[in-house]
Amino acid sequence: MVACLFAFASTACGREATAPAENKAPLAAGADGADADATAGHPVTAWAASVRAALARRSHRLMTASRSALSWSEHGVASWYGHLRQVRSTSSGRPFDPHALTAAHPTLPMGTRVLVRSQDTGRSVVVTVNDRGPFLHHRIIDLSPAAAARIGMLDAGTAHVVIEPLTEVAQAEPDDTSAEAIAAAEPGAPRRP
């Protein structure tokens, strides 16, 4: 009986001694950082390595997309509209206001603010997209009369322009608390003058 107990104990000890060595072989063959995960107590399997690789690829795609979203621009001809009809509804559902700095664009989301710079006069204006158009293939944006006046194209009727995204930075007032500053930076928060 003692001999059986001794044989059982030595076999169990032998398994414990070889188990970590057997488990380390797949870990060493894993993806980069496998040793760090193994020492941190996280099991590394082929599935975990593939998930890690997929997340890294997704993160890279999102970073690339965000860079390209901030670096796009459009070059083309702008026109202005609104002189024929005094009262009409825009595609956003709000009435057309010729005194507002607004624009019609074929694809940009409603409420998008863009910088429109005239290549003819060098002047620029920030407009909010609230309508769809223009519907002529060679024009890229229709401006309200107020926006057209800002860049000096009312008399000409059209202008060569560059449209660029507007990068806005939320800025808190000096006497704002942290909660007020965070609330002011939320999407849809009223803009401060």
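Residues numbered from 1 in each chain as written. Predicted model: local features only at pLDDT ≥ 70, side-chain atom pairs only at ≥ 80, totals over all residues. Heavy atoms only, no water.

## Some thoughts on the nonpolar core
In step 1: Ranked by size, the top nonpolar core spans 19 residues in total, and within it Val 116, Val 127, Ile 141, Leu 143, Met 153 and Val 161 carry the most contacts.
In step 2: Mapped onto this core, the elements with two or more residues apiece are β1 (74-80), β3 (113-118), β4 (124-131), β5 (139-143), α4 (145-150) and β6 (158-165).
In step 3: What Val 127 contacts, discounting residues up to four positions off in sequence, is Leu 101, Thr 102, Ala 103, Thr 112, Arg 113, Val 114, Val 116, Leu 143 and Ala 147. (Core = buried A, V, L, I, M, F, W, Y, C linked by side-chain atoms within 4.5 Å. Buried < 20%, exposed > 50% of the residue type's maximum accessible area, 1.4 Å probe, protein only. Helix = DSSP H or I, 4+ residues; strand = E, 2+ residues; numbered from the N terminus. Contact = heavy atoms within 4.5 Å.)

## Considerations on unusual backbone geometry
In step 1: For the bond running from Gly 133 to Pro 134, omega is -10°, close enough to zero to count as cis.
In step 2: Tracing the sequence through the fold places Pro 134 in the loop between β4 and β5.

## Here's the deal with the sheet that holds β1
In step 1: Spatially, β1-β5-β2-β4-β3-β6 is the arrangement adopted by the six strands of the closed barrel, whose pairing is mixed. Here the average twist between neighbouring strands, direction ignored, is 45°. (Pairing = 2+ DSSP bridges. Axes fitted to C-alpha atoms, helices over the stretch in contact; angles between N-to-C directions.)

## What about the pattern of salt bridges?
In step 1: Tallying each qualifying case throughout the model produces one salt bridge.
In step 2: As a salt-bridge pair, Arg 117 and Glu 164 come within 3.2 Å of each other at their nearest N and O atoms. Residue Arg 117 is located in strand β3, and its partner Glu 164 is located in strand β6; the two are separated by 47 residues in the primary sequence.
In step 3: Judged by relative accessible area, Arg 117 falls into the partly exposed class, the value being 31%.
In step 4: Judged by relative accessible area, which is 25%, Glu 164 ranks as partly exposed. (Salt bridge = Lys/Arg side-chain N within 4 Å of Asp/Glu carboxyl O.)

## Quick look at the side chain of Asp 131
In step 1: Looking at where Asp 131 falls in the secondary structure, it is placed in strand β4.
In step 2: Within the structure, Asp 131 has its side chain in polar contact with the side chain of Tyr 81 (distance 3.2 Å).
In step 3: Those residues in contact with Asp 131 that lie beyond four places of it in its chain are Tyr 81, Arg 88, Thr 90, Ser 91, Ala 103, Ala 104, His 105 and Met 110. (Polar contact = N/O pair within 3.5 Å; in protein donor to acceptor, adjacent residues only side chain to side chain.)

## So, the side chain of Asp 142
In step 1: Residue placement: Asp 142 occurs in strand β5.
In step 2: Buried charged residue Asp 142 carries no salt bridge. Nearest counter-charge: Arg 139, at 5.2 Å.
In step 3: Those residues within four positions of Asp 142 in sequence are excluded, and the remaining contacts are Ser 79, Trp 80, Tyr 81, Thr 102, Ala 103, Ala 104 and Pro 134. (Lys, Arg positive; Asp, Glu negative; His and termini not counted.)

## Notes on the environment of Ala 156
In step 1: Within the element layout of this structure, Ala 156 appears in the loop between α4 and β6.
In step 2: Classification of Ala 156 as exposed rests on a relative accessible area of 61%.
In step 3: Expressed as a C-alpha distance, the spacing of Ala 156 and Ser 79, which sit 77 residues apart in the sequence, is 9.1 Å.

## Considerations on a nonpolar patch on the surface
In step 1: A contiguous nonpolar patch, built from Trp 47, Val 51 and Leu 55 and spanning about 340 Å² of accessible area, is present on the exposed surface.
In step 2: Assignment of secondary structure puts Leu 55 in helix α3 (residues 46-71). (Patch = residues over 30% accessible without salt bridge, like charges linked within 9 Å, V, L, I, M, F, W, Y side chains within 5 Å. Areas by Shrake-Rupley, 256 points an atom, 1.4 Å probe, with all protein chains shown as cover.)

## Some points on the pairing of β4
In step 1: In the sheet, strand β2 (residues 102-104) pairs with β4 via three bridges, with the strands oriented parallel. Across the sheet, the residue bridging to Ala 104 is Asp 131, located in β4.
In step 2: Pairing of β3 with β4 involves five bridges; the strand directions are antiparallel. The residue of β4 that forms the bridge with Val 116 is Val 125.
In step 3: Joining the antiparallel neighbours β3 and β4 is a turn of five residues, in which Gly 122 adopts a positive phi near 80°.

## A word on the packing of aromatic side chains
In step 1: Tallied over the entire structure, the rule returns one aromatic pair.
In step 2: Judged by centre distance (5.1 Å) and plane angle (45°), the ring pair of Tyr 81 and Phe 96 falls under tilted. Of this pair, Tyr 81 sits in the loop between β1 and β2 while Phe 96 sits in the loop between β1 and β2, and the two are 15 residues apart along the sequence.
In step 3: Here Tyr 81 falls in the buried class, since its relative accessible area comes to 12%. (Phe/Tyr/Trp six-rings, centres within 6.5 Å; stacked < 30°, edge-to-face > 60°.)

## Brief notes about the confidence of the model for the protein
In step 1: For the protein, the mean per-residue pLDDT works out to 75, and 60% of the residues sit at or above 70.
In step 2: Counting interchain partners and residues more than four positions distant, the pLDDT-below-50 stretch residues 12-34 has seven contacts. (pLDDT = per-residue confidence, 0-100.)

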